[in-house]
Amino acid sequence: MDKILVHGGASLSGNVKISGSKNSALPILAATLLTKEPCVIHHVPDLSDIHYMLQILSHLGAQVERASGVVTVQAEKIITEAPYEIVRKMRASVCVIGPLLGREKEATVSLPGGCVIGDRPIDLHLKGFEALGAMHRIENGNVKVFAGELKGSSMSLRGKQGPTVLGTDNVMMAAVLADGTTVIDSAAAEPEVVDLANFLNKMGAKIEGAGTRRIVIEGVKELHGAEHSVIPDRIEAGTFLVAGAIAGKGVTLKRVDPSHLTAVTDALTRAGFLLKIEGDTITISPNGVWKPLELTTNPYPDFPTDMQAQMCALLAKTPGISVITETIFPQRYMHVSEMKRMGADISLNGATAVIKGVERLSGAPVMASDLRASAALVLAGLQSEGITEVNRVYHIDRGYELIDEKLNGLGAHIERVKA
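Definitions and limits used
- Residues numbered from 1 in each chain as written.
- Predicted model: local features only at pLDDT ≥ 70, side-chain atom pairs only at ≥ 80, totals over all residues.
- Heavy atoms only, no water.
- Helix = DSSP H or I, 4+ residues; strand = E, 2+ residues; numbered from the N terminus.
- Rg over C-alpha atoms; globule rule 2.2 N^0.38 Å.
- Buried < 20%, exposed > 50% of the residue type's maximum accessible area, 1.4 Å probe, protein only.
- Contact = heavy atoms within 4.5 Å.
- Areas by Shrake-Rupley, 256 points an atom, 1.4 Å probe, with all protein chains shown as cover.
- Lys, Arg positive; Asp, Glu negative; His and termini not counted.
- Charge placed at Lys NZ, Arg CZ, Asp CG, Glu CD.
- Salt bridge = Lys/Arg side-chain N within 4 Å of Asp/Glu carboxyl O.
- 1 Å grid on protein atoms, 1.4 Å probe; cavity = no way out; pocket = protein on both sides within 12 Å on 5 of 7 lines; lining within 4 Å.
- Points joined across faces, edges and corners; volume = space filled by probe spheres on them.
- Nonpolar A, V, L, I, M, F, W, Y, C, P; charged D, E, K, R; others polar.
- Polar contact = N/O pair within 3.5 Å; in protein donor to acceptor, adjacent residues only side chain to side chain.
- Pairing = 2+ DSSP bridges.
- Axes fitted to C-alpha atoms, helices over the stretch in contact; angles between N-to-C directions.
- Core = buried A, V, L, I, M, F, W, Y, C linked by side-chain atoms within 4.5 Å.
- Disulfide = S-S within 2.5 Å.

1. Side note on the overall build of the protein
Logical step 1: Within the protein, the secondary structure is distributed over 14 helices and 28 strands.
Logical step 2: For the protein, the C-alpha radius of gyration of 21 Å lies close to 22 Å, the compact-globule estimate for 419 residues.
Logical step 3: For the protein, the residues scored as buried account for 56% of the 419 residues in total.
Logical step 4: For the protein, the proportion of contacts with a sequence separation of at least 24, taken over those separated by at least 6, is 73%.
Logical step 5: Summing over all exposed atoms, the protein offers an accessible surface of approximately 16400 Å²; the carbon and sulfur share of this is 48%.
Logical step 6: Taking the 42 positively charged and 46 negatively charged side chains of the protein as two groups, their mean positions are separated by 2 Å.

2. Comments concerning the pattern of salt bridges
Logical step 1: Under the defined criterion, the tally for this structure stands at 19 salt bridges.
Logical step 2: Between K418 and D2 there is a salt bridge, with the nearest N and O atoms lying 3.2 Å from each other. Of this pair, K418 sits in strand β28 (residues 413–418) while D2 sits in strand β1 (residues 2–7), and the two are 416 residues apart along the sequence.
Logical step 3: For K418, a relative accessible area of 65% translates into the label exposed.
Logical step 4: It is possible to trace a salt-bridge network through shared partners that takes in D2, D397, D404, R416 and K418.

3. Quick word on the side chain of Q383
Logical step 1: Looking at the secondary structure, you find Q383 in the loop between α12 (371–382) and β26 (384–385).
Logical step 2: Q383 sits in the buried class, given a relative accessible area of 9%.

4. Looking at the layout of surface pockets
Logical step 1: One number sums up the size of the second largest pocket: a volume of about 310 Å³.
Logical step 2: Taken together, 16 residues line the second largest pocket, and the ones lying closest to its centre are L177, V220, K221, E222 and L223.
Logical step 3: Taken together, the residues of the lining of the second largest pocket sort by class into five nonpolar, four polar and seven charged.

5. Quick look at helix α11 (residues 334–341)
Logical step 1: Of the residues making up α11, those classed as buried are H335, V336, E338 and M339.
Logical step 2: The elements touched by buried residues of α11 are α10 (308–315), β22 (345–349), β25 (365–367) and α12.

6. Topic: helix α1 (residues 22–31)
Logical step 1: Among the ten residues of α1, nine are classified as buried, and the element is accordingly described as predominantly covered.
Logical step 2: With a side-chain oxygen lying 3.3 Å from the backbone nitrogen of N23, the N-terminal cap of α1 falls on S21.

7. Topic: the sheet that holds β25
Logical step 1: Strand order in the open sheet formed by four strands is β25-β27-β1-β28, with mixed pairing between adjacent strands. Each end of this open sheet is capped by a strand with a single partner; those strands are β25 and β28. On average, adjacent strands in this sheet sit at an angle of 25° to one another, irrespective of strand direction.
Logical step 2: One ladder, built from six bridges, connects β1 with β28; its direction is antiparallel. The residue of β28 that forms the bridge with I4 is R416.
Logical step 3: Lying over the sheet, α12 contacts β1, β25, β27 (387–391) and β28, oriented at roughly 170° with respect to β27.

8. Notes on the side chain of H335
Logical step 1: Its location among the elements puts H335 in helix α11.
Logical step 2: Taking the relative accessible area as the measure of exposure, H335 reaches 2% and is therefore buried.
Logical step 3: Polar contacts involving the side chain of H335 include one to the side chain of Q308, which spans 2.9 Å.
Logical step 4: Setting aside anything within four residues of it in sequence, one finds H335 in contact with Q308, A309, C312, S369, A373 and L377.

9. Considerations on the nonpolar core
Logical step 1: L29 and L200 are the most contacted members of the largest nonpolar core, which has 73 residues in total.
Logical step 2: Ignoring any residue separated from it by four or fewer positions in sequence, one finds L200 in contact with A31, L34, M172, M173, V176, A205 and I207.
Logical step 3: Among the nonpolar cores identified, the runner-up in size contains 68 residues, and M307, A313, A344 and I403 belong to it.

10. Regarding the state of the cysteines
Logical step 1: Scanning all chains against the criterion turns up zero disulfides.
Logical step 2: Looking at C95, it has no disulfide partner, and the nearest cysteine sulfur is the one in C39, 14 Å off.

11. Section: unusual backbone geometry
Logical step 1: Of note, the amide linkage connecting Y300 to P301 takes the cis form, showing an omega dihedral of 15°.
Logical step 2: For L402, which is not a glycine, the phi torsion comes out positive at approximately 55°.
Logical step 3: With respect to the helices and strands, the residue L402 is situated in the loop between α13 (394–397) and α14 (403–409).
Logical step 4: Judged by its relative accessible area of 46%, L402 falls in the partly exposed class.

12. A look at the environment of M1
Logical step 1: Take M1: it is sitting in the segment before β1.
Logical step 2: In sequence terms M1 and K418 are 417 residues apart; their C-alpha atoms lie 6.0 Å from each other.
Logical step 3: Sequence-distant contacts of M1, defined by excluding residues within four places in its chain, comprise R392, Y394, V417, K418 and A419.

13. A closer look at the pairing of strand β21 (residues 321–325)
Logical step 1: Residues of β21 alternate between two faces, with S322 and I324 buried on one and I321, V323 and T325 left unburied on the opposite face.
Logical step 2: Both strand β20 (residues 294–296) and β21 contribute to a ladder of three bridges, which runs parallel. What sits directly across from T296, in β21, is T325.
Logical step 3: With five bridges connecting them, β21 and strand β23 (residues 352–356) associate as antiparallel partners. By the bridge assignment for β23, S322 is matched with I355.

This is the structure:
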């Protein structure tokens, strides 16, 4: 198991290229199960979650080839059962249920375990499948979903914390091969849902409305192979923008879609930073004054929950009092206790964090609890005195491609060593 040593105090400058989106690539790879023909996916990031998904596809019978960010999948003959030992390492593995149900009218997949950032059940996925005519039962930790046939239907996928992204993906993948028209109301509108819909349409699906709260899917008899490039990862981009804010003299992100980052760039502008947007690049520079913020996480296009921890790292040294309210995963504050070990002044009141900016942070041994928390601890380490030792970095490798190498390329001093 590796750990990361962040030597604080280095200044960042230069260019960094943003990788393909993890949260797009995972359901797009799952969607290749919907056809017997080859599919070629470009800009697939080199992440542990992607590795696990490719293992799952191979277990299900697909032929998988991977080289330099390009993955080719041909699922000519497949099985419909993914056991616990295959799927336990990644919650997003449940997104194979939709394509298996759509193509084979059945799927048996081990239920994902608990998650440190809060309960994330798949009840809305199952609600959507039931609306299409499927039934399900849970036995021995597995969910089995099955149907004689799938019929288009109208449904709402809104949950307590808003629309479900993975549920929208899953139901959309099942519905493309259903008989008739499916209408998903209260659908997730994230760019990753749009990316999946665009790929499915390239395969011959008929999907309209992706990116809005109402998606209409006209079922087709079969899908064919297709070639597709995954969109840039907006959360990786946001993380590097915050790194540029914390320690940058001028950091330029390349291969980004600025329209996906409006909530983040708006927040950083309000926090006192200069942002220059040109085509698919964003440059962030200091403006002399850091300003406190009030932020509330909400579904896209509002401020993303996946950027909350990183903003905590920035605001920890921002003069004044900042307030962040987490509406998506109210328990998603595992990073706070670790940042307090570094000298941060953060108090929690339910789902709200009150952050009093301090003059200095000091490096300390800290424990990464989840993907975004681990990135936030690296960011905190960039602005700390001394060395910050981030343990359990397998979390960060789930969603950030070579984050230590990319930051070092900007001038950081980060080591990856064996724990």
